[in-house]
Amino acid sequence: MILSERGAIRAAIAHGGFHLYPAGRIIEYIKQSLLGDELKENFDPIRTVEKINSVSFAIDAFSQSVFEEDKSLLCSRLKEMDAEYDLESLFSKIADSIPALAKKYYGIEGFKPSVPRIVEYFFQGYNDLYKDADWFAFNVNNAESKELGVPVGAYYKRDQVSPGMTEFSILHEANHAMQEIASLPPGVHHYVPWLDEGLADIIGRMMIYAITGDEKLLRKIKYFKTEIEVTDSRKISYHFGEQLACLMLMRGRLPLVKALLKARKEHAFEIDWGALAESIKSGIDPHIGIINSYKGTKKDTFQKKIMRDESNFRKEADLNQNDLKVLTMFLACQPPAALPPLEYKTAHFFMEAIKKEHSHFIDPAAIPEGLRHNIAGLQPNSAFPLSELSEGIKKKIEGIETKIAIKESDIPENLISGAEALANKYFIVKKRIGEEILFEPYGGGLPFRLASGEIRCAW
Ligand SMILES: [Zn+2]
């Protein structure tokens, strides 16, 4: 099949490295600028790049320059991308590994994943009830098959398919099919989004990593979540579920989760699933949370059953180191601080200034007292140029590279208010030495803030 333009653009964004946060907003922005072009046409490296190049962003010079950098990164990736994408052969590569994973994570034998069906809309060929729905994929289970008149299986919307995301999606949808066997009351439509989607997300990610061992793919899948899906309210609601599922797995591990899923199959309507979510979020151990959420009349029997099932499931596999790696990686999804473009550009000015040694000064107070008399021309009330210190003295000032200061008079005029704003956030330290104002980038930890990814540029 041929990728859509938005499918290709998403895949290019999922390689990371963009300034603007969230990077996925660039898709919405391009659509608006092209007056409602939904980017659902077939992707063509030359034509799509031309289209994107025609888009400009001009609120002010700072935001425009950040946008142009991001745009050129996006276009350079799209130029290299293949428009053809073979979902079926991708599936056949993955399919053989799935039954063993169904056994490990859900305790079910002989699982057979459905071959993906690609549709232009839901549910092409059967009904048009969800013609306007823009889901990535949908697993139709037995209860839904009766309700919708659509055969059981995993359906993928063609113009949503995006390399990287689809690999994970195959597993996400397969998880729903496993859940139907392991945890749904037979023949009944029973949907607990945080539990069903949350586990399909986190276990789906564990499974794709178990199959491929591909770190790059895993990172891409995380970028899909943190940069693209965050622009979609429906997916953000899934992220709540994934967080709960992660917390539940961290505290209860696989044996308890399997016992909960079994209890769901047998007592779906006696458990308050919303109360269980609330208790997990409140930090209550899910072993206790599940008992407190039981609303039936046989609490003691229920508790004993959960304990017995959990200890039986302990004889099977539990999470391994790779699973825990995926678990923590996808729990660590705190969005960055998105700074106004002026402040963001100023932060990068300081990062460049750090590299230019000739512009560095040092506060005399930062030089150990015993060394000061060895430095000719050093005045207590005047910032001293680092270039005038001998190599021998520099070596004796511990952590000298974190003490560098940049004079306000060395900052371009149009960035001075940016430096003020960064100082007011204590992202850099502002000092008066004698008559002069100076800024110390390391004082407020700015280089570490940029390195840890906690700072990006706002749209
Ligand atoms: Zn789902």
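Everything quoted here is computed from the prediction, not taken from an experiment.

Details of the overall build of the protein chain
Tallying secondary structure elements over the protein chain gives 20 helices and eleven strands in all. Across its three principal directions, the C-alpha atoms of the protein chain cover 85 × 60 × 35 Å. Counting over 459 residues, the protein chain shows a buried share of 39%. Of the contacts formed within the protein chain by residues at least 6 apart in sequence, a portion of 73% connects residues at least 24 apart.

Quick look at the nonpolar core
Ranked by size, the top nonpolar core spans 111 residues in total, and within it Ile13, Leu20, Tyr155, Ile202, Leu249 and Ala405 carry the most contacts. Residue contacts for Ile13: discarding those within four places in its chain leaves Phe18, Ala23, Gly24, Ile26, Leu74, Glu227 and Ile228.

Here we look at the domain arrangement of the protein chain
We note that the domain assignment places domain 1 (5-79), domain 2 (87-258 + 316-331) and domain 3 (337-458) within the protein chain. A C-alpha centroid distance of 28 Å is found between domain 1 and domain 2. Contacts between the two partners involve 14 residues from domain 1 and, on the opposite side, 14 residues from domain 2. Only α1 (5-13) and α2 (25-33) provide two or more residues apiece to the side of domain 1 that touches domain 2. In terms of residues, the side of domain 1 that touches domain 2 owes the most to one element, α1, which gives five residues. Classifying every residue of the side of domain 1 that touches domain 2 gives five nonpolar, four polar and five charged.

A closer look at the packing of helix α3 (residues 45-53) against helix α4 (residues 61-79)
At a minimum axis distance of 9 Å, the contact between α3 and α4 shows a crossing angle of 170 degrees. The angle between the axes of α3 and α4 places the two elements in the roughly antiparallel class. In this structure, α3 contributes Pro45, Thr48, Val49, Ile52 and Asn53 to the contact, and α4 contributes Lys71, Leu74, Cys75, Leu78 and Lys79. Classifying every residue of the contact of α3 with α4 by side-chain character gives six nonpolar, two polar and two charged.

Here's the deal with the sheet that holds strand β11 (residues 455-458)
Read across the sheet, three strands follow the order β1-β11-β5 without closing on themselves; strand pairing throughout is parallel. A single partner strand is all that each edge strand has here, and the edge strands are β1 (20-21) and β5 (337-339). Bridging between β1 and β11 involves two bridges; their strand directions are parallel. Note that in β11 the partner of Leu20 across the bridge is Cys457.

Quick look at the sheet that holds strand β3 (residues 137-140)
The strand order across the open sheet formed by three strands is β2-β4-β3, and the pairing between neighbours is mixed. This sheet does not close on itself; its edge strands, each paired only once, are β2 (117-119) and β3. Neighbour-to-neighbour, the strand axes of the sheet open up by a mean angle of 25 degrees, direction not taken into account. As defined by bridge partners, β2 adjoins strand β4 (residues 153-157) across three bridges and the pair is classed as parallel. Residue pairing across strands places Ile118 opposite Tyr156, the latter belonging to β4.

Concerning the packing of helix α11 (residues 233-267) against helix α14 (residues 299-313)
Their axes nearest at 8 Å, the elements α11 and α14 cross at an angle of 135 degrees. Overall, the two elements α11 and α14 adopt an arrangement that is oblique. When the axes of α11 and α14 are compared, the crossing they make is right-handed. Residues Pro255, Leu256, Lys258, Ala259, Lys262, Ala263 and His267 of α11 lie in contact with α14, whose contacting residues are Phe302, Ile306, Asp309, Glu310 and Phe313. Across the contact of α11 with α14, the residue classes break down as seven nonpolar, one polar and four charged.

What to know about helix α9 (residues 193-212)
For α9, which comprises 20 residues, the first-to-last C-alpha distance of 27 Å matches the rise-based estimate of 28 Å (1.5 Å per residue) to within 8%. After α9 finishes, the residue Gly213 shows a positive phi value of roughly 60 degrees.

Focus on the pairing of strand β9 (residues 429-433)
As paired elements, β9 and strand β10 (residues 436-440) share five bridges and run antiparallel to each other. The residue bridging Val429 from the neighbouring strand is Glu440, located in β10. Connecting the antiparallel pair β9 and β10 is a turn made up of two residues, with Gly434 showing a positive phi of about 65 degrees.

Regarding the environment of Trp194
Its place among the elements puts Trp194 in helix α9. For the pair formed by Trp194 and Trp273, sequence separation is 79 residues and the distance between their alpha carbons is 9.0 Å. Excluding its chain neighbours within four sequence positions, the residues that come into contact with Trp194 are Phe240, Gly241, Leu244 and Ala277.

Some thoughts on the environment of Lys299
Relative to the helices and strands, Lys299 is located in helix α14. A C-alpha to C-alpha distance of 64 Å links Lys299 and Glu352, two positions 53 residues apart in sequence. Those residues in contact with Lys299 that sit more than four places away from it in its chain are Ile291 and Tyr294.

As for unusual backbone geometry
Cis geometry is adopted by the peptide bond preceding Pro22, which originates at Tyr21 and carries an omega value of -10 degrees. Examined against the element boundaries, Pro22 turns out to sit in the loop between β1 and α2. Note that the residue after Phe122, namely Phe123, is joined by a cis bond; omega there is -5 degrees. Here Phe123 shows up in the loop between β2 and β3. Even without a glycine there, the phi angle at Leu35 is positive, about 50 degrees. Note that Leu35 resides in the loop between α2 and α3. Residue classification places Leu35 among the exposed residues on the basis of 6 C-beta atoms within 10 Å. The phi dihedral of Tyr426 is positive, around 60 degrees, even though this residue is not glycine. Mapped onto the fold, Tyr426 is located in the loop between α19 (416-424) and β9.

Reading the values: the criteria
- Sequence order as written defines the numbering, with residues in each chain counted from 1.
- For a predicted model such as this one, the threshold for reporting local features is a pLDDT of at least 70, and the threshold for listing and counting side-chain atom pairs is 80 or more; totals across whole chains, interfaces and linings nevertheless cover every residue.
- Under the DSSP-based scheme used, a helix requires at least four consecutive residues in state H or I and a strand at least two consecutive residues in state E, with every element numbered from the N terminus.
- Exposure classes come from backbone-placed C-beta atoms, where a residue is buried if 20 or more other C-beta atoms lie within 10 Å of its own, exposed if 12 or fewer do, and partly exposed in between.
- A pair of residues counts as a contact when their C-beta atoms, built from backbone coordinates, are separated by no more than 7 Å.
- Nonpolar cores are built from buried Ala, Val, Leu, Ile, Met, Phe, Trp, Tyr and Cys residues. These are joined into a set through C-beta atoms within 7 Å.
- For every domain, the bounds stem from an assignment made automatically or drawn from a database.
- As a working rule, the residues Ala, Val, Leu, Ile, Met, Phe, Trp, Tyr, Cys and Pro are called nonpolar, Asp, Glu, Lys and Arg charged, and the rest polar, with Gly in that last group.
- All axes are obtained by fitting lines to C-alpha atoms, using only the stretch in contact for helices, and the reported angles, taken between N-to-C directions, cover 0 to 180 degrees.
- Should an angle fall under 35 degrees it is called roughly parallel, over 145 degrees roughly antiparallel, and 65 to 115 degrees roughly perpendicular, with every other angle called oblique.
- A pair of strands is labelled paired if DSSP reports no fewer than 2 bridges between them.
- A clockwise turn of the near helix away from the far one marks a right-handed crossing, whereas an anticlockwise turn of less than a right angle marks a left-handed crossing.
- What a helix should span is 1.5 Å times the count of its residues minus one.

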